[in-house]
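Read off the chains here:
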Amino acid sequence: MASTKLQLITERLPLLKKLLSPCRLCPRECGVDRLHGEQGFCRVGSQIKVASWAQHRGEEPPISGTNGSGTIFASGCTLGCFFCQNFPFSQLGNGQLMSAEELATVYNRLARAGVHNINFVTPTHVVPMLLEAWLCSDERARSLPLVYNCSGYESAEVVDLLDGIIDIWLPDIKYAQNSVADELSKAADYVEINRRTLVQMWKQSGALHIDAESGLATHGLIVRHLVLPGSLAGSAESLRWLRQEIGADVQLSVMCQYFPAYKAFEHQVMRNPSEIDDYLVVLDLIEELGFNNVWAQDPTERGGA
Ligand code: SF4
């Protein structure tokens, strides 16, 4: 498996790098020359900036397992969510510039610590850099499943190029209305791009597969949805779409952990935490729609994580 991945990454990395100049690595297609340091909407040039990495135990159970997921948080983002809980690095650019070799040592350290996967968090704008580092990492790190933990606002060409490379797709379905996506995340075409992305990932990898012995996810799709205050996430509409277009077997992860951060306090609705009752209504609808695979959070244990 790792040797096939090695071959695929070696073959496709040049194609992915080509998408950096002019940049069309994400649907914004800013067209800037990132290979020569220019920056577009995501505010990242030719080098990846890494905000943090961790042996993270707070992901979904088959991703975190017992030893944690090896999360790599990239700085910068292709969305502009004014309520982002990770705003110091997604919106303000905090982080450490790293060469491929330096990042590879992070993968190697996480693998030696026993993580169950390498989990690229907010990877969309830095895919070539993440994979270049993977090529420099050692065999142990390269044997781990790769998780692509993203906003679901992806380029179809990039998702195609990642076929056979990414093991576990972990996209969001954030909104059901473009007007809301534009207001909250500066992405006026989020809905159609997100839906196209989810269908593409589903066709590519199918239902989530969990190894019966280890309880760990090996490959497939997990769709995350965060319930927002005032029904701004369009939960009901998105869930109906998912049920109709992807089906009852998709693995859902439905979250109620929204709390106001960054500039959310300036917004009449988003300055409030999400309501437990709204979350319970969403869970009822999930049951009514007959989804077979759902992870839900305990709303009484909401925190600021
Ligand atoms: S990855 Fe960044 S620079 Fe490239 S198109 Fe997307 S937002 Fe623009």
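Below is a summary of the structure that appears in this document. The model shown is predicted, which means the values in this text are computed figures rather than measured ones.

A separate point is the environment of Ala-264. Structurally, Ala-264 is set in the loop between strand S9 (251–255) and helix H11 (276–289). Ala-264 gets classed as buried once you look at its relative accessible area, which sits at 0%. Expressed as a C-alpha distance, the spacing of Ala-264 and Phe-83, which sit 181 residues apart in the sequence, is 4.7 Å. Other than its neighbours up to four places away in sequence, Ala-264 contacts Phe-82, Phe-83, Tyr-258, Met-270 and Arg-271.

Turning to helix H9 (residues 190–205), a few remarks are in order. Given a rise of 1.5 Å per residue, 16 residues ought to cover 22 Å, and the 22 Å separating the end C-alpha atoms of H9 matches this to within 8%. Along H9, the positions that sit buried rather than exposed are Tyr-190, Val-191, Ile-193, Asn-194, Arg-195, Thr-197, Leu-198, Gln-200, Met-201 and Ser-205. Taken together, the buried residues of H9 touch strand S5 (146–150), helix H7 (156–161), strand S6 (168–171), helix H8 (178–185), strand S8 (217–226) and helix H10 (235–245).

With that settled, consider the packing of helix H4 (residues 100–113) against helix H5 (residues 127–136). Packing of H4 against H5 brings their axes to within 8 Å, and their N-to-C directions diverge by 70 degrees. In this view, H4 runs roughly perpendicular relative to H5, as classed from their interaxial angle. Considering the relative orientation of H4 and H5, their crossing is right-handed. Taken together, the residues of H5 that come into contact with H4 (itself represented by Ala-100, Glu-101, Leu-103, Ala-104 and Tyr-107) are Met-129, Leu-130, Glu-132, Ala-133, Trp-134 and Cys-136.

Taken together, the side chains of Glu-29, Glu-157, Asp-160 and Asp-163 present a region of like negative charge at the surface. Relative to the elements of secondary structure, Glu-29 occurs in the loop between helix H1 (2–18) and strand S1 (48–56). Classification of Glu-29 by relative accessible area gives exposed; the value is 55%.

A separate point is the pairing of S6. Because side chains alternate across S6, one face comprises the buried residues Ile-168 and Leu-170, and the other comprises Trp-169 and Pro-171, equally buried. Sheet topology places S5 next to S6; four bridges connect them, and they run parallel. Paired with Tyr-148 across the bridge in S6 is Trp-169. In this fold, the crossover linking S5 to S6 by way of H7 has right-handed handedness.

Time to look at unusual backbone geometry. The step from Ser-21 to Pro-22 runs through a cis peptide bond, and the omega angle for that step is -5 degrees. If you trace the backbone, Pro-22 turns up in the loop between H1 and S1. A positive phi angle, close to 45 degrees, is found at Glu-29, a residue other than glycine. A positive phi angle, close to 55 degrees, is found at Ser-231, a residue other than glycine. Relative to the helices and strands, Ser-231 resides in the loop between S8 and H10. Ser-231 sits in the exposed class, given a relative accessible area of 54%.

Counted under the stated rule, the structure contains five salt bridges. Close ionic contact of Lys-5 with Asp-167 constitutes a salt bridge, the shortest N to O distance being 2.4 Å. Of this pair, Lys-5 sits in helix H1 while Asp-167 sits in the loop between H7 and S6, and the two are 162 residues apart along the sequence. Residue classification places Asp-167 among the buried positions, given a relative accessible area of 10%. Among the ionic pairs, Asp-172 bridges to Lys-174, the shortest N-O distance being 3.1 Å. Neither Asp-172 nor Lys-174 differs from the other in exposure class; each is buried. Residues joined by salt bridges that share partners form a network here, namely Glu-59, Glu-60 and Arg-224.

Next up on the list: the pairing of S9. Most of S9 sits inside the fold, with five of its five residues counted as buried. With burial as the criterion, each face of S9 is covered, one bearing Gln-251, Ser-253 and Met-255 and the other bearing Leu-252 and Val-254. Between the parallel pair S8 and S9, the chain is carried across by H10, and the sense of this crossover is right-handed. Of the pairings in the sheet, the one linking S9 to strand S10 (residues 293–296) comprises four bridges and is parallel in character. By the bridge assignment for S10, Ser-253 is matched with Trp-295. Taken together, S9, H11 and S10 form a β-α-β motif whose crossover is right-handed.

All right, on to the packing of aromatic side chains then. As enumerated under the stated definition, the model contains eight aromatic pairs in all. Ring centres of Phe-82 and Phe-83 lie 6.0 Å apart, and the angle between their planes is 90 degrees; on these two criteria the pair is classed as edge-to-face. Ring geometry for Tyr-107 and Phe-120: centres 6.0 Å apart, planes at 40 degrees, overall tilted. Taken together, the residues Tyr-107 in helix H4 and Phe-120 in strand S4 (residues 118–121) connect sequence positions 13 residues apart. With respect to burial, Tyr-107 and Phe-120 carry one shared label: buried. The cationic tip of Arg-28 hangs over the ring face of Phe-41; the distance from NZ or CZ to the ring centre is 3.6 Å. Over the ring of Trp-134 we find Arg-142; its NZ or CZ atom is 5.8 Å from the centre of that ring.

Conventions we followed
- Residues numbered from 1 in each chain as written.
- Predicted model: local features only at pLDDT ≥ 70, side-chain atom pairs only at ≥ 80, totals over all residues.
- Heavy atoms only, no water.
- Helix = DSSP H or I, 4+ residues; strand = E, 2+ residues; numbered from the N terminus.
- Buried < 20%, exposed > 50% of the residue type's maximum accessible area, 1.4 Å probe, protein only.
- Contact = heavy atoms within 4.5 Å.
- Expected span 1.5 Å × (residues − 1).
- Axes fitted to C-alpha atoms, helices over the stretch in contact; angles between N-to-C directions.
- Parallel < 35°, antiparallel > 145°, perpendicular 65-115°, else oblique.
- Left-handed = near helix turned anticlockwise from the far one by under 90°.
- Patch = residues over 30% accessible without salt bridge, like charges linked within 9 Å, V, L, I, M, F, W, Y side chains within 5 Å.
- Areas by Shrake-Rupley, 256 points an atom, 1.4 Å probe, with all protein chains shown as cover.
- Salt bridge = Lys/Arg side-chain N within 4 Å of Asp/Glu carboxyl O.
- Lys, Arg positive; Asp, Glu negative; His and termini not counted.
- Charge placed at Lys NZ, Arg CZ, Asp CG, Glu CD.
- Pairing = 2+ DSSP bridges.
- Right-handed = clockwise from strand over helix to strand, strands pointing away.
- Phe/Tyr/Trp six-rings, centres within 6.5 Å; stacked < 30°, edge-to-face > 60°.
- Lys NZ or Arg CZ within 6 Å of the ring centre and 35° of its normal.

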